Amino acid sequence: MLKTVRLLPLMFGLITLPALAGDLEQPMKKMGFNYKQATKASDPAAMEKYITQMRSEIDDAKTRTMPTAKQEKFLEGLNEVQGELDASLAALKAGDEAKAREHLAKVNDLKKEYHKYAKQKG
Ligand code: HEM
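The paragraphs below set out a description of the structure included in this document. All of these numbers come straight from a predicted model, not from anything done at the bench. (Residues numbered from 1 in each chain as written. Predicted model: local features only at pLDDT ≥ 70, side-chain atom pairs only at ≥ 80, totals over all residues. Heavy atoms only, no water.)

It is worth spelling out the nonpolar core at this point. Core analysis: the biggest nonpolar cluster contains 25 residues, and I51, L85 and L104 have the highest contact counts within it. Where this core is concerned, the elements lending two or more residues are α2 (25-40), α3 (44-62), α4 (71-93) and α5 (97-119). No other element matches the seven residues that α4 contributes to this core. (Core = buried A, V, L, I, M, F, W, Y, C linked by side-chain atoms within 4.5 Å. Buried < 20%, exposed > 50% of the residue type's maximum accessible area, 1.4 Å probe, protein only. Helix = DSSP H or I, 4+ residues; strand = E, 2+ residues; numbered from the N terminus.)

Its place among the elements puts A100 in helix α5. Look at A100 and you get buried, because its relative accessible area is 0%. Along the primary structure A100 and S88 are separated by twelve residues, whereas in three dimensions their C-alpha atoms are 4.1 Å apart. With residues up to four places along the chain from it excluded, the contact list for A100 reads M47, S88, A91 and L92. (Contact = heavy atoms within 4.5 Å.)

Here's what the structure looks like:
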């Protein structure tokens, strides 16, 4: 029994280690949630809040473990998404909500394109 107790921190460490290194699942889930909130938001201040959150989730995603063969293309896609988010934020600052929504729609196109690539074999 005592042995098991002593081993607990080690066992815990083994379980949490891969989670710390982390893959894309967690930031992607958050991004998906905040994207939905941003598109549903009825005022520019709320849109800005969710888009800003997405932006930092992409920063997080960029540090995650990715399949080596696909890493370069993944990073390219994540940067493209960030570019659209920045353009959306700039449009909001300029008071152009319609343009901000157009850039958000482009984020969805990029998501579809890169998810298709992510699912490809090899
Ligand atoms: C353009 C660059 C992107 C790349 C390279 C990418 C890559 C990936 C990958 C590899 C997964 C599978 C993760 C796993 O389960 O291990 C994933 C899942 C997912 N991604 Fe993306 N993604 C991108 C953009 C986006 C964007 C823009 C959104 C949202 C607006 C998004 C939302 C999601 C969601 C909701 C999941 C499912 C997570 C889950 O529940 O398992 N992704 N993505």
